[in-house]
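# Chains, contacts and geometry: an overview
The primary structure of each chain is shown beneath.
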Amino acid sequence: MRLLVVGAGAMGRWFGRTVDADLAFADADPERAVAAADELGGRAVPLDGDEQFDVVCLAVPMDLAREAVEANAHRAERGMCDVMGSMAGPVAAMRDHLPDRERLSLHPLFAPENAPGNVAAVVDEAGPLGDALLDDLSTAGNNVFETTPTEHDTAMETVQAAAHAAILSFGLAADDVREEFATPISAALDELVASVASGNPRVYADIQSAFGAGTKRVADAARELERADEETFADLYRAVGRTDDEIDNHEPDE
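Scope of this entry: the structure provided in the associated data block. Note that this is a predicted model, so its numbers are computed, not measured.

How each quantity is defined
- Residues numbered from 1 in each chain as written.
- Predicted model: local features only at pLDDT ≥ 70, side-chain atom pairs only at ≥ 80, totals over all residues.
- Heavy atoms only, no water.
- Helix = DSSP H or I, 4+ residues; strand = E, 2+ residues; numbered from the N terminus.
- Buried < 20%, exposed > 50% of the residue type's maximum accessible area, 1.4 Å probe, protein only.
- Contact = heavy atoms within 4.5 Å.
- Axes fitted to C-alpha atoms, helices over the stretch in contact; angles between N-to-C directions.
- Parallel < 35°, antiparallel > 145°, perpendicular 65-115°, else oblique.
- Left-handed = near helix turned anticlockwise from the far one by under 90°.
- Nonpolar A, V, L, I, M, F, W, Y, C, P; charged D, E, K, R; others polar.
- Pairing = 2+ DSSP bridges.
- Right-handed = clockwise from strand over helix to strand, strands pointing away.
- Phe/Tyr/Trp six-rings, centres within 6.5 Å; stacked < 30°, edge-to-face > 60°.

### Description of the side chain of R101
For R101, the position within the fold is in the loop between α4 (88–97) and β6 (102–108). Residue R101 is classed as buried on the basis of its relative accessible area, which comes to 18%. When near neighbours in sequence (up to four residues on either side) are disregarded, R101 contacts A73, A76, E77, R78, G79 and E125.

What follows is the structure, encoded as C-alpha cells:
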C-alpha cells in the first residue's frame, strides 16, 4: 500500500509506524516531514504536490479538516482516512470530495507515547485497504471499535472536553499547599493536572473548541454545587451514582 500521511507530528508518526505501508510524509513544515520520513524509513513529499497514493491519511488539527480533505482528495487514488480527533466534520468532507472511494475516520483515544489503546473507527465506505489498516491497528495491540460520527463526537464532550475542563479547573483553583496536607483524592487530582498540563495546549484548545458543550456542563455543575443548600447538595451527590445504602455505610476518603 502506498500511503501518504499529511501531518508529520506525533499522531501522524504514530500512524505511520503502526501500519504496514510504503510511507510518504507531507507537512506545512518540510523539515518535519523529512524528519518523520528519516525516522520511519519513508520519504518526504511536497504538501501541495500532485503525486497520487493508494491512501491518504490526514493527521492535521481538527479545525483544518474540511480544507485538508479538499486539498488532498485528488491525491487519494483509492481511499482516505483521518486521525484528527473529531469525526462528523471529516466524514462529511470525505463524502463530499471522495464519494466513490474508501473512507475511514479513526480516533486513537490516547497520546502516541501511551500506545496501544482504544481506537474509535467510523468505516464510512469499506474496502480492502481500510480493512488492512484496521487489521494493522489491531495487530499492534489496539482495541479498535466501530462507532458513528454522532456517537463519537457526543462522547468526546464527556471523555475529553468535560474531563479536561474539570481537571484544569482544579489546577487553576487549587492553592499551593504543603505536600503533607495531601489527601488521596487531592493527590490523584494533582497527578491528573500534571498529566494534562504536560501536553500541547493547541491540542487541548482544539478539543475545547470542537466539544465545548462538555465544558459548559462542568461549569454549570460547579455553579450548582456552589449554590446548593445541604439537602440539594445531598441530592446532587446521590445523582453521581451512589445509592443511599452506599452513602450510609461509606466512610469519607479524605
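That covers the picture; the talk isn't over yet.
### Some points on the packing of helix α3 (residues 65–72) against α4
The contact between α3 and α4 brings their axes to 9 Å, and the two run at 25°. With respect to α4, the element α3 is oriented roughly parallel. As α3 runs across α4, the sense of the crossing is right-handed. On the side of α3, the interface is formed by A65, R66, V69 and E70, while α4 contributes P90, A92, A93, M94, D96 and H97. Looking at the contact of α3 with α4, its residues break down into 6 nonpolar, 1 polar and 3 charged.

### Points about the pairing of strand β7 (residues 118–125)
Each regular strand shows side chains that alternate between the opposite faces of the sheet. Pairing between β6 and β7: 6 bridges, direction antiparallel. Each bridged residue has a counterpart across the sheet, and for H107 the counterpart in β7 is A120. Summarising the sheet, β7 and strand β8 (residues 143–146) pair through 4 bridges and their orientation is parallel. Bridge assignment links V119 to a residue of β8, and that residue is V144. In this fold, β7 hands off to helix α5 (residues 128–139), which returns the chain to β8; that crossover is right-handed.

### Comments concerning the packing of aromatic side chains
According to the stated counting rule, one finds 2 aromatic pairs in the structure shown. Ring centres of W14 and F15 lie 6.3 Å apart, and the angle between their planes is 55°; on these two criteria the pair is classed as tilted. For the pair W14 and F15, one class covers both residues: buried. Ring geometry for W14 versus F110: centroids 5.6 Å apart, planes at 80°, classification edge-to-face. Of this pair, W14 sits in helix α1 (residues 10–18) while F110 sits in the loop between β6 and β7, and the two are 96 residues apart along the sequence. For the residue pair W14 and F110, the accessibility class agrees, reading buried in each case.

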